[in-house]
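Summary of structural features
The residues making up each chain are set out below.
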Amino acid sequence: MFIQPSQTHCDLTLTEQDVYFMQYALSLADKAEQEGEIPVGAVLVDKSGKIVGEGWNRSIILSDPTAHAEIQAIRMAGQHLQNYRLLDTTLYVTLEPCPMCAGAILHSRIGRLVFGASDYKTGAIGSRFHLFEDYKMNHFLQIRGGVMRDECSQKISAFFKKRRQEQKQKE
């Protein structure tokens, strides 16, 4: 018999803290864009509301395909907390995580995920795949998508529009 895990989705109302940290993640996405990276930012917060890790996309500048914003934030938090288990934390990210990042979220045992824009090409939290819906997983987390969706989507869309215009001018 198939049983859907009830802990997968969070029905909590949008909080001021969610908006505050998503705005912060958007400011980190600006750093990525300034470096010529896809503008995605992530911030990891402990249960008291203290930032324990942050990151932005750095795959191009570091020549590292794993240097996504989420991975950067998770690595920083692990070092800061001196633990690879990030229990009782919330990850805020401007774009729905990909399968690689969803795997890192799973293995680090993050308790809650809040993301902004959906990613219909590689999103692993429901847009393309849903890696946390598998009842065989050994960890479940609360998920809230669509926080500041318009602002997060606009940032990504504007970046790629500008990139296409620049490419067109080169031709």
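Here's a quick rundown of the structure. Not measured: the values here are computed from a predicted model.

What counts, and where the lines are drawn
- Residues numbered from 1 in each chain as written.
- Predicted model: local features only at pLDDT ≥ 70, side-chain atom pairs only at ≥ 80, totals over all residues.
- Heavy atoms only, no water.
- Buried < 20%, exposed > 50% of the residue type's maximum accessible area, 1.4 Å probe, protein only.
- Helix = DSSP H or I, 4+ residues; strand = E, 2+ residues; numbered from the N terminus.
- Pairing = 2+ DSSP bridges.
- Right-handed = clockwise from strand over helix to strand, strands pointing away.
- Expected span 1.5 Å × (residues − 1).
- Arc of directions from axis to C-beta.
- Contact = heavy atoms within 4.5 Å.

**Observations concerning the pairing of strand E4 (residues 112-117)**
In terms of burial, E4 is a largely internal element, six of the six residues being buried. The pairing of strand E3 (residues 89-95) with E4 spans five bridges and is parallel. For Leu 91, the partnering residue across the bridge sits in E4 and is Leu 113. In this region the chain leaves E3, passes through helix H4 (residues 99-108) and returns to the parallel neighbour E4; the handedness of that crossover is right-handed.

**Concerning unusual backbone geometry**
Positive phi is not limited to glycine here, since Ser 63 has a value of about 50 degrees. Summarising the element assignment, Ser 63 is placed in the loop between helix H2 (59-62) and helix H3 (69-81).

**A few points about the pairing of strand E1 (residues 41-46)**
Most of E1 is tucked away: five of the six residues are buried. Where E1 hands over to strand E2 (residues 51-56), the hairpin turn is made up of four residues, of which Gly 49 adopts a positive phi near 90 degrees. Note: E1 against E3, five bridges, orientation antiparallel. The residue of E3 that forms the bridge with Leu 44 is Leu 91.

**Examining helix H1 (residues 16-34)**
Taking 1.5 Å of rise per residue, the 19 residues of H1 would be expected to cover 27 Å, and the 27 Å separating its terminal C-alpha atoms lies within 8% of that figure. Every buried residue belonging to H1 is among Asp 18, Phe 21, Met 22, Ala 25, Leu 26, Leu 28, Ala 29 and Ala 32, and all of these are buried. Along the axis of H1, the buried positions cluster into a sector of 165 degrees, meaning they face one direction only. For H1, exposure combined with an orientation more than 90 degrees from the buried face picks out Glu 16 and Gln 34. In this structure, the buried side of H1 is in contact with E1, E2, E3, E4, strand E5 (142-145) and helix H5 (149-170).

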